[in-house]
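Architecture and fold: a report
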Amino acid sequence: SSLARAILCQASLDRSAGPATPSPAVLTWSAQRSFQEEMARRSILSVAAAAVMALCLLRTSLAPSFAGSAGLQPAVRGSHVALAAEKRFEVFVTNPSVGARTRMMISPSMTCAEIVERGRKELGFDQPWIKNEDFKLYKAEDESTPLKGSVADNEMKPWGPDGTELHLIFQP
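Residues numbered from 1 in each chain as written. Predicted model: local features only at pLDDT ≥ 70, side-chain atom pairs only at ≥ 80, totals over all residues. Heavy atoms only, no water.

1. Considering the pattern of salt bridges
Quick note on the threshold: Throughout this description, the term salt bridge denotes a Lys or Arg side-chain nitrogen within 4 Å of a carboxyl oxygen of Asp or Glu. Each helix corresponds to a stretch of at least 4 residues labelled H or I by DSSP, and each strand to a stretch of at least 2 residues labelled E; elements are numbered beginning at the N terminus. For every residue, the accessible area obtained with a 1.4 Å probe (protein chains only) is divided by the maximum for its type, and the residue is called buried under 20%, exposed over 50%, and partly exposed between those limits.
By the definition in use, this model includes three salt bridges. The salt bridge partner of Arg 118 is Glu 122, with a shortest N-O separation of 3.4 Å. Of this pair, Arg 118 and Glu 122 both sit in helix α4 (residues 112–123), four residues apart, roughly one helical turn. The exposure class assigned to Glu 122 is partly exposed, which follows from its relative accessible area of 38%.

2. Topic: unusual backbone geometry
Backbone geometry at Glu 155 places phi at a positive 50°, although glycine is not the residue there. If you trace the backbone, Glu 155 turns up in the loop between β3 (135–139) and β4 (165–170). A relative accessible area of 62% means that Glu 155 is categorised as exposed.

3. Let's talk about the nonpolar core
Spelled out, the test is: Residues grouped as a nonpolar core are buried Ala, Val, Leu, Ile, Met, Phe, Trp, Tyr and Cys residues, joined through side-chain atoms within 4.5 Å. Note on contacts: a residue pair qualifies if any of its non-hydrogen atoms lie within 4.5 Å across the two residues.
Judged by nonpolar contacts, the single largest core of 19 residues is most densely connected at Val 93, Ile 106, Ile 115, Leu 137, Met 156 and Leu 166. At the level of elements, β1 (89–95), β2 (100–106), α4, β3 and β4 are the ones that each hand at least two residues to this core. Top element by residues in this core is α4. It accounts for four residues. With residues up to four places along the chain from it excluded, the contact list for Leu 166 reads Val 91, Phe 92, Val 93, Thr 94, Ile 115, Leu 137, Tyr 138, Lys 139, Leu 147 and Met 156.

4. Re the side chain of Ser 150
With respect to the helices and strands, Ser 150 occurs in the loop between β3 and β4. Ser 150 gets classed as buried once you look at its relative accessible area, which sits at 13%. Beyond its immediate chain neighbours, meaning those up to four positions away, Ser 150 contacts Pro 108, Ser 109, Met 110 and Thr 111.

Nothing here speaks to function; it is geometry throughout.
Following this line, the structure appears as structure tokens:
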């Protein structure tokens, strides 16, 4: 670069004065201009880096604070009118041995086998080497008889004070 050439020229002219140290007063006009351009480039890069960091901080400060915040919630599954027309309702499915629970929207035509399959997936018990038949579905208030058939056959009610909670239990 021209800055290096100017320093070398100065050093060759002044060998007896000791080690070559560039002085801004001795540098040629092109070397000074090159030096100023380099400093301007560095200052622009530092301003750009500061701007990027400020944008990142602003973005994280405006983002929701934790995973369960309203900004990250999925959209509503459907309007209340559509849910009423389909007669879908919510029940709780629990695995009592580990305390895992999930809420599930079901319809009267849904079978207990479908609830077991969805419940296994939502609770994280969907390993391929375990058969769906190894899980049994019970009403929470009566674990003596496994549920079979459809939701309508088992008189399930929407979740509430007297709603349906189902227990999904692994019994190979």
